[in-house]
Amino acid sequence: MDESELLESAKKVLDGNWNGNFTIPSATLYPHQWSWDSCFIAMGNSYFETDRSIKELEHLFNAQWNNGMIPHIVFNEKEKTYFPGPEYYDVTRSPNAPKHVRTSGMTQPPVHALACYYVHFNSKDKSKTKQFLTRVYPNLLKFHRFLMTERDPEKSGLVTLFHPWESGRDDSPVWDDALARVNITELSKFERLDIIAEGEAQERPSDEEYNKFIFLVDLMKLYNYDQKIIYEKFPFKIKDVLFSSILYVANQALLRIAELIGEKDIEEISEWISRTETNFRKFFSAPSDENSNISDGLFYDYDLVINDTIMKITISCLIPIYTGLLTKQEAESIVKWISSPDFVAEYDTIASADEKASYFKPVDYWRGPVWINTSWSIRYGLLRYGYTDGAERIKKGVLRLVAEHGFREYFDPASGAGLGGKNFSWTAAAVIDMIMMKSNPMDLILKQ
Ligand code: 2M8
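All of these numbers come straight from a predicted model, not from anything done at the bench. (Residues numbered from 1 in each chain as written. Predicted model: local features only at pLDDT ≥ 70, side-chain atom pairs only at ≥ 80, totals over all residues. Heavy atoms only, no water.)

Before going further, it helps to examine the overall build of the chain. Helix and strand counts for the chain come out as 18 helices and eight strands. For 448 residues, the compact-globule formula gives about 22 Å, and the C-alpha radius of gyration of the chain, at 20 Å, lands near that figure. Of all 448 residues assigned to the chain, the portion counted as buried reaches 63%. Considering only contacts within the chain whose residues lie at least 6 apart along the sequence, 72% involve residues at least 24 apart. Accessible surface for the chain amounts to roughly 17000 Å². Of this, 49% is attributable to carbon and sulfur atoms. (Helix = DSSP H or I, 4+ residues; strand = E, 2+ residues; numbered from the N terminus. Rg over C-alpha atoms; globule rule 2.2 N^0.38 Å. Buried < 20%, exposed > 50% of the residue type's maximum accessible area, 1.4 Å probe, protein only. Contact = heavy atoms within 4.5 Å. Areas by Shrake-Rupley, 256 points an atom, 1.4 Å probe, with all protein chains shown as cover.)

What follows concerns the environment of Asp433. In this fold, Asp433 is placed in helix α17 (residues 425–436). Residues Asp433 and Ile41, spaced 392 residues apart in sequence, show a C-alpha to C-alpha distance of 9.8 Å. Leaving out residues up to four positions away in the same chain, Asp433 has contacts with Tyr47, Tyr118, Trp376 and Tyr380.

This paragraph deals with the site of the ligand. In the vicinity of the ligand, 17 residues are found, and the nearest of them are Asp37, Tyr82, Gly168, Asp170 and Tyr365. Note that an oxygen atom of the ligand is positioned 2.8 Å from one of the side-chain N or O atoms of Asp170. Residue Arg204 places a side-chain N or O atom 3.1 Å away from an oxygen atom belonging to the ligand. Tallied by class, residues from the shell around the ligand come to eleven nonpolar, three polar and three charged. (Near = heavy atom within 4 Å. Polar contact = N/O pair within 3.5 Å; in protein donor to acceptor, adjacent residues only side chain to side chain. Nonpolar A, V, L, I, M, F, W, Y, C, P; charged D, E, K, R; others polar.)

Turning next to the packing of aromatic side chains. Describing an aromatic ring pair means giving the distance of the ring centres and the angle of the ring planes. Applying the stated criterion to the full structure yields 29 aromatic pairs. With 5.3 Å between their ring centres and 90° between their planes, Phe424 and Trp426 make a pair best called edge-to-face. Since its relative accessible area comes to 2%, Phe424 is described here as buried. The exposure class of Trp426 is buried, given its relative accessible area of 3%. For the cation-ring pair, Lys11 lies above Phe48, with the distance from its terminal atom to the ring centre recorded as 3.9 Å. Above the face of the Tyr365 ring, Arg204 is positioned so that its terminal group lies 4.5 Å from the ring centre. (Phe/Tyr/Trp six-rings, centres within 6.5 Å; stacked < 30°, edge-to-face > 60°. Lys NZ or Arg CZ within 6 Å of the ring centre and 35° of its normal.)

Now for helix α2 (residues 35–45). Where burial is concerned, most of α2 is hidden: eleven out of the eleven residues are buried. Among the residues of α2, Ser35, Trp36, Asp37, Ser38, Cys39, Phe40, Ile41, Ala42, Met43, Gly44 and Asn45 are the ones counted as buried.

Among the secondary structure elements, Lys221 is positioned in helix α9 (residues 207–222). On the basis of relative accessibility, which here comes to 12%, the residue Lys221 falls in the buried class. Taking C-alpha positions, Lys221 is 7.6 Å from Val91, a pair spaced 130 residues apart along the chain. Those residues in contact with Lys221, other than ones at most four positions away along the chain, are Tyr88, Tyr89, Asp90 and Arg93.

And the structure:
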């Protein structure tokens, strides 16, 4: 398939998953609206379907909580094939939850400001999209403020997550030790609905992990989703590199949006940006240890419960190249990892965990397979720092993966075999962006 055929197929995937209000990630597993999925989808659609992108994002913002949180799932009442559904989350326990729509009780990476900026950047009707930006600016500001206050009482500029699902990388090895310390006192009875065919269990998180995922939801419910109480009592609190990197870029996008709509009061956003710049290395660099064989230049998540760095080498460690906050030298050492056989999968795409690590599993969800949204982010980082050949290789690799194996949710890094959901929306959206992007919106967003 050549690029124009791939583009048409990608558009068909997004059309097929559009339900009139939002785009589902994939019919086989995810029948509701997922927060960061919708952002990638809106970016893909921004080249041809301005109105649809706007509707997609506004549907999500319409479910924003009073405290500013954008929930990670907005439920479609008609769909009953996903667990945990709205009854299980029971967010009515929180005075902050919206009453007119049902949602989950946690959040996901804040790609939203970037997505909104993209919609304007690629639109042919700038006056329409400027109005859209003016409408959604308060939603974005409130969401970022939620993350920078409720999820960062330390004022570090780095975000604390209460659940692996908030990271978007559900069963990443990064959570293993923290989850092992979570002691399940009592667990509700539940039935998993996410393993749909015989033999697919190894491609999804294990039952043990699921029990922990559900127990953490039970605990959030016990505390009525009160962020302050959760912060005080929770057994799982991690400052995440990928999430905080995305927020750093999103804050820059928000500044750019403020400028476009003539919003002058930007001091708060600038302050958030400098907090992140001041503390990023303090929290996320590996502690110097002569005996450690982990070579540095990577960035690691930080476990607040034990006040320690999580020394697991995963895709999250590489994502800071996407922020533009690294020096040329720091970017160079990440590029070394990206180019090393430990991460470079077949087709020049990037595995989700270090292939020589004991915790690497080639077909297990976020423990090894290649994901297209993270490869997309890294490609942006490479473009940003002038590694155009590397960026081109990733693009070619993604296009080949999809041409040969379909628009799958994730891919085996060794064979390229497609895994998980079929006709997966963000895979299609990223392919559209890689083919269509002529000038780089990120150049305008990130500080020079
Ligand atoms: C996956 O997460 C959901 C829970 O939110 C699940 O496994 O049920 C993750 O890959 C996440 O990043 C993604 O947003 C979601 C929908 O595609 O699926």
